[in-house]
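# Working through the structure, step by step
Chain by chain, the residues:
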Amino acid sequence: MTRTFSWSLPLVAGGIFGALSTLATVGDPDLFWHLAQGRQTVTDGLARVDTFSWSVNGLPVLTDQWLGQVIWYEAYAALGWNGIIVLRALLVAAIVALIAAAALTAQRRPIVAIVAALPAIALTRFAWTERPQLMGLVCFAALILLLRASAERPRILMAAPLLILIWANLHASFALGLAVAAIACGELWLRRPDVRTLAFGAVALSIAATLLTPSGISIWTSASGHFLSPPRVIQEEGVPDVTQPYGFVFAFVVLAVLVTAQLSRPTELREVALLVPVLFVSMTAARHTPFFAVASAPYLAAHAPQAIGVIAARLRIPARLPTFAPRVPSLRVDLATAAIALAAVIAAGSIARGEPNLGPYPAGVLSSLPPGPGVVNDYDWGGFLIWYAPATPVFIDGRLFPYTGDALRDYETLVSLGPSWREVLTRRGARALLVKPASPLAVRARDLRWPIVAESASFVLFIVPNLR
Amino acid sequence: MAAASRPLAASLAANAYPLAVASAVFIIAVGLPSTDSDTYWQLATGQWMLGHREFLRQDIFSSTVAGTHFGIGEWLGQVAFAGSFAAAGWAGIAILRATLIAISSFFLVRLARRGRTPWWISLPLVVGALLVSKITWTDRPQLFTLALFPALLELLLSLPVGFSRRLLVLPPLFFVWTNLHGGYLLGLVVVAAVLTNGRRGLPLAATAIVCVVVTFLNPAPLELAGAAREDFLHPPRFLTEFLPPDVVTPAGALFAGFVLLVIGTTLLRGGSLREAMLLAPLLYLAFTAQRQMLFFCFAATAFVGARLATLVRWRAFELPAPVRLPVALVLVIAALASVTSAPMHPDERAYPSGALDALRVDNGVLLNEYDWGGYLIFNLPERPVFIDGRYVPYLGGVLEDYRALVGLRPGWRDLLDRYKVSELLLRPERPLAVALREDGWRVRSSDTAGRWIVLARP
């Protein structure tokens, strides 16, 4: 049997980008609380109520990313911070390899496929963070490849429920995967009456798979919350902004798809079913922008050359791709490439600078922090404190959803110096403030000459006097 | 006479549908009261120019940038609004607004009907595009761009190959547009996009060059272009209309619907180089700020309808031709009658109207809320404002100082002293208002609903 597809090129691309990703230091604000939750799950079992804060202590928390957190923690437990870098590099390599593979399924010319995949790879760069969402992106890239492949071999769809099962335990972005899979199966159901049972079964099993998580039906709460009312106060949940680098790349991809669609031959409904819903989701928040880029890479790989040809002809530039005889390397070459890419990524991750970059965090305050509840901290530093100062429970942190309601409202009143800020401090029994020096709360506390325990250019720790 | 009336009747019959929609939109738009804070300073500027018969080239409204150069790129638009106000008060503003939106709707329908798109496809597209544009139905010179953009687009897309007498309309259109509003730059982009298609020949190219030349015939050549470039490259994100499109808002969701429709239908049916050249830059522009979304949606209606008609083959009921014109004429008459429903007063609920009496007594430099600056310029001319919606004159440091003050950033006390602020008109929840109340500043006046507070130095 003749091989028609080789993984060598995707693996080479994945290995290169995976190794390159090790140059970035660890330091995502949410990494620390994910690690803490992973450690808690491994050592004490899955916690369903909050144990890290003093503002929502004992109240329910989301468990939708438990598997992702455990995997990140196990990587840390095995190799320390270098374990985190290695895992991140492996995930980046997987994303890049899957994007390149999907592009290659649509375009047999390797260079064209890789060039078409580059915008998607560039956009995923903004999601190369040490969090379960990176695993969600791997799952999404895998799903796109799977759905593309299923157009000719529908039986591949039976892998979708397994993928969704794993995804639902890793990260809440599984909801997008399920929706895209359902739409693609719907299109297949219309186009191929002979595989309707298969398409229906794949969707039904995928829906059932989402319930096989510790969260049960409530797994959908997190997913729908993010989608229907993204918390815009958080930068990554903000609206895609084309004046930012990631937003510019996103706009470039959307325009590339638009212009390509205008100038190349019409496609089938399947392409619309894959691209249009994902584009809408990508427009909802900055963190979702890579999804459309990943989904559209195969389309661009297949059709962009024709569109470029039309433009070149209009400009009277002779632009014809040379004739190409595809050569597919053997399985042995693929395996050897995989081994080399894996070794390169692991080696690069192992020798990388492992220590996290604590520049954005108040590392200098740790020795001065009072133990026990009562410290009101900046939102961005909550995860850092959970990991580095476990004796001092936080007021708020990047988990966000447990705080939605009174705690978040009180926090906003405090940091923005709302009219009832003193009442909030008294009611909450705050003993200290750990805030950024330029925040209105810090400025006011300094005006009022509240005692300062520790400070630097990036943080200040005040003792709250008795306000009663 | 009879021979002359026949083409008119034919033209009216052919435009019955656009006329009917434009009339219906006029009836809706004329009943809306003015709400935008920028209307006030635009009106004040126009009134000054009308009263003094000269251009207002420097700031006379603020205490912070008094005497500094101020752009006059929209002078004709400001004069037009001031003239309408002088003629009929706030009702005149509403009528001018409704007229411009109706013109926009008229050409939008003509765009949407290109390729004989059936009404049940074109009408939802027009309604959708108008709803997206609703966020810009503010009484400002930008309304002229709202009207002229679809008119230009319709004219360009219906041009025959080679010379056409309609080309002669373009230079005067750009001459007027340049003096009305900075959106003329977008018009030039559209002309360039149509020109690159190359099939319109030398006449359009020559006309385009003349259009570029006439845009320099205004009292401040390049001034508007500079401002527009800044808005494009560095949109002031603290202003809502300059925020990127948000698909979880109604207008943003509609915009997203247009994007998805364009891409979805193009994937299935293909498009053209001309469409790509037009829509791609407009889509990028739309991504930069909410206020730009409408241009993409307007242009999209010219192409999406015809493609949708090929995808959904359904023959809906069409109003017989002899009935269309009477229906349109009835709506036109209704629109003319609706002029009487134009509101005589603006909607001031968002403004501190109750604070005006307290503020009439001059107590030194007043620090006011950004959004209320225009309102104060118009309603309390005796008190210079600290800042207002013109924002460009304040970019040299005043805007940053204002934000540092109201946000209680480090150094706020020094700023308060440097500007010799002795009175505040702010929202009570502003950190500065909270801090100064605690520090003993006197509450001279406050809103029972908690929307504003006037504080004075103790």
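Residues numbered from 1 in each chain as written. Chains lettered and ligands numbered in written order. Predicted model: local features only at pLDDT ≥ 70, side-chain atom pairs only at ≥ 80, totals over all residues. Heavy atoms only, no water.

## What about the overall build of chain B?
Helix and strand content of chain B: 19 helices and four strands. For 458 residues, the compact-globule estimate of 2.2 N^0.38 gives 23 Å, and chain B sits close to it at 24 Å. In terms of its C-alpha atoms, chain B occupies a principal-axis envelope of roughly 75 × 45 × 45 Å. Counting only residues that meet the buried cut, chain B has 56% of its 458 residues in that class. Of the contacts formed within chain B by residues at least 6 apart in sequence, a portion of 71% connects residues at least 24 apart. Across chain B, the mean location of the 39 positive side-chain charges is 14 Å away from that of the 31 negative side-chain charges. (Helix = DSSP H or I, 4+ residues; strand = E, 2+ residues; numbered from the N terminus. Rg over C-alpha atoms; globule rule 2.2 N^0.38 Å. Buried < 20%, exposed > 50% of the residue type's maximum accessible area, 1.4 Å probe, protein only. Contact = heavy atoms within 4.5 Å. Lys, Arg positive; Asp, Glu negative; His and termini not counted. Charge placed at Lys NZ, Arg CZ, Asp CG, Glu CD.)

## Here we look at the overall build of chain A
On a plain count of helices and strands, chain A comes out with 18 helices and four strands. Looking at chain A as a whole, 57% of its 468 residues qualify as buried. Sequence separation of at least 24 residues holds for 72% of the intrachain contacts in chain A that already meet a minimum separation of 6. Accessible surface computed for chain A: about 19400 Å², of which carbon and sulfur atoms make up 65%. Mean positive and mean negative side-chain charge positions of chain A (35 and 26 charges, respectively) differ by 9 Å. (Areas by Shrake-Rupley, 256 points an atom, 1.4 Å probe, with all protein chains shown as cover.)

## Brief notes about the sheet that holds strand S2 (residues 421–426) of chain B
Backbone hydrogen bonds are what pair the strands of a sheet, in a parallel or an antiparallel way. Residue and element names in this part refer to chain B. Across the sheet, four strands lie side by side as S1-S2-S4-S3; this open sheet has mixed pairing. The open sheet terminates on both sides in strands that have one partner only, identified here as strand S1 (365–368) and strand S3 (442–446). Adjacent strand axes in the sheet meet at a mean angle of 20°, parallel and antiparallel pairs treated alike. Taken together, the four bridges between S2 and strand S4 (residues 453–456) define a ladder with antiparallel strand orientation. (Pairing = 2+ DSSP bridges. Axes fitted to C-alpha atoms, helices over the stretch in contact; angles between N-to-C directions.)

## Comments concerning a nonpolar patch on the surface
A cluster of nonpolar side chains, namely A:Val12, A:Ile16, A:Leu20 and A:Leu23, defines an oily patch on the protein surface of about 390 Å² accessible area. Assignment of secondary structure puts A:Ile16 in helix H1 (residues 8–21). (Patch = residues over 30% accessible without salt bridge, like charges linked within 9 Å, V, L, I, M, F, W, Y side chains within 5 Å. Salt bridge = Lys/Arg side-chain N within 4 Å of Asp/Glu carboxyl O.)

## Description of the nonpolar core
A:Phe140, B:Phe174, B:Phe255 and B:Phe296 are the most contacted members of the largest nonpolar core, which totals 294 residues. If you tally residues by element for this core, the top one is helix H4 (residues 75–112) of chain B, at 17 residues. The residues that make up this core include at least three from each of domain 1 (8–351) and domain 2 (363–463) of chain A. Here B:Phe255 is in contact with A:Met283, B:Val132, B:Pro245, B:Leu283, B:Ala286, B:Phe287, B:Met293, B:Phe296 and B:Cys297, once residues within four sequence places are set aside. (Core = buried A, V, L, I, M, F, W, Y, C linked by side-chain atoms within 4.5 Å. Domains from an automatic or database assignment.)

## Section: the interface of chain A and chain B
Taken together, the contact between chain A and chain B spans 45 residues of the former and 48 residues of the latter. Together, the buried faces of chain A and chain B total about 3700 Å²; carbon and sulfur atoms form 71% of this surface. The largest per-residue losses of area from chain A upon contact with chain B belong to A:Leu258, A:Gln262 and A:Met283, which jointly make up 17% of the total buried on that side. At the junction of chain A and chain B, the tally comes to five salt bridges. Counting only elements with at least two residues in the side of chain A that touches chain B, the list comes to helix H10 (219–228), helix H11 (245–263), helix H12 (269–284), helix H13 (289–314), helix H17 (421–428) and helix H18 (440–447) of chain A. If one sorts the elements of the side of chain A that touches chain B by residue count, H11(A) sits on top with 10 residues. (Buried area = accessible area lost by both parts, 1.4 Å probe.)

## Examining the domain arrangement of chain A
Residues and elements named next belong to chain A. The domain architecture assigned to chain A consists of domain 1 (8–351) and domain 2 (363–463). Tallying the contact residues gives 25 residues for domain 1 and 25 residues for domain 2. When domain 1 packs against domain 2, the two sides together hide about 2100 Å² of surface, and 72% of this comes from carbon and sulfur. The tally of links from domain 1 across to domain 2 stands at one salt bridge. When the shortest N-O distance is used, the salt bridge between Asp50 and Arg399 registers 2.7 Å. Linking domain 1 with domain 2 are five residue pairs in polar contact (both at pLDDT 80 or more), by the criterion used here. Of all the secondary-structure elements, those providing two or more residues to the side of domain 1 that touches domain 2 are helix H2 (31–44), helix H3 (66–79) and H10. (Polar contact = N/O pair within 3.5 Å; in protein donor to acceptor, adjacent residues only side chain to side chain.)

## Focus on unusual backbone geometry
All names here are of chain A. Notably, Arg316 is not glycine yet its phi reads approximately 60°, a positive angle. Owing to a relative accessible area of 73%, Arg316 belongs among the exposed residues under this scheme. Although it is not a glycine, Leu417 adopts a positive phi angle of roughly 50°. Along the chain, Leu417 falls in the loop between helix H16 (406–415) and H17.

## Description of the pattern of salt bridges
Residues and elements named next belong to chain A. Overall, the coordinates contain 48 salt bridges over all chains when judged by the stated rule. As a salt-bridge pair, Glu130 and Arg88 come within 2.6 Å of each other at their nearest N and O atoms. With Glu130 in the loop between helix H5 (110–124) and helix H6 (132–150) and Arg88 in helix H4 (residues 81–106), the pair connects residues that are 42 residues apart, well separated along the chain. Note on Arg88: relative accessible area 1%, which makes it buried. With a shortest N-O distance of 2.9 Å, Asp380 and Lys436 are connected by a salt bridge. One end of the pair, Asp380, is in the loop between strand S1 (375–377) and helix H15 (382–388); the other, Lys436, is in the loop between strand S2 (432–435) and H18, and 56 residues separate them in sequence.

## Observations concerning the packing of aromatic side chains
A full pass over the atoms with the stated rule returns 36 aromatic pairs over all chains. Ring geometry for B:Phe174 versus B:Trp177: centroids 5.7 Å apart, planes at 25°, classification stacked. On the criterion of helical spacing, the pair formed by B:Phe174 and B:Trp177 is a turn pair, its members being three residues apart in helix H7 (residues 170–180). B:Trp177 carries the same exposure label as B:Phe174, and that label is buried. Directly above the ring of A:Trp189 sits A:Arg196, whose terminal nitrogen or CZ lies 4.0 Å from the centroid. The cationic tip of B:Arg390 hangs over the ring face of B:Phe70; the distance from NZ or CZ to the ring centre is 4.9 Å. (Phe/Tyr/Trp six-rings, centres within 6.5 Å; stacked < 30°, edge-to-face > 60°. Lys NZ or Arg CZ within 6 Å of the ring centre and 35° of its normal.)

## Focus: H17(A)
Within the span of H17(A), buried status applies to A:Trp421, A:Val424 and A:Leu425. End-on, the buried residues of H17(A) take up no more than an arc of 100°, which puts them together on one face. (Arc of directions from axis to C-beta.)

## Observations concerning the confidence of the model for chain B
Averaged over chain B, the pLDDT score is 93; the fraction of residues at 70 or greater is 98%. If you check the scores for this complex, the pTM reads 0.95 and the ipTM reads 0.94. (pLDDT = per-residue confidence, 0-100.)

## Side note on the sheet that holds S2(A)
Residues and elements named next belong to chain A. Strand order in the open sheet formed by four strands is S1-S2-S4-S3, with mixed pairing between adjacent strands. Strands at the two margins of the open sheet, each flanked by one partner only, are S1 and strand S3 (452–455). Strand-to-strand, the axes of this sheet are offset by a mean angle of 15°, without reference to chain direction. Relative to S2, S1 runs parallel, the two sharing three bridges. Within S2, the residue paired with Val375 across the bridge is Ala432. Sheet contacts for H18: S2, S3 and strand S4 (460–463); angle to S4, the most-contacted strand, approximately 50°.

## Focus: the environment of A:His288
Residues and elements named next belong to chain A. Assignment of secondary structure puts His288 in the loop between H12 and H13. Residues His288 and Glu236 lie 52 residues apart in sequence; the distance between their C-alpha atoms is 8.7 Å. With near-sequence residues (within four places) excluded, His288 lies in contact with Val281 and Ser282. For His288, the side chain forms a polar contact with the main-chain oxygen of Val281, separated by 3.5 Å. Within the structure, His288 has its side chain in polar contact with the side chain of Thr284 (distance 2.8 Å).

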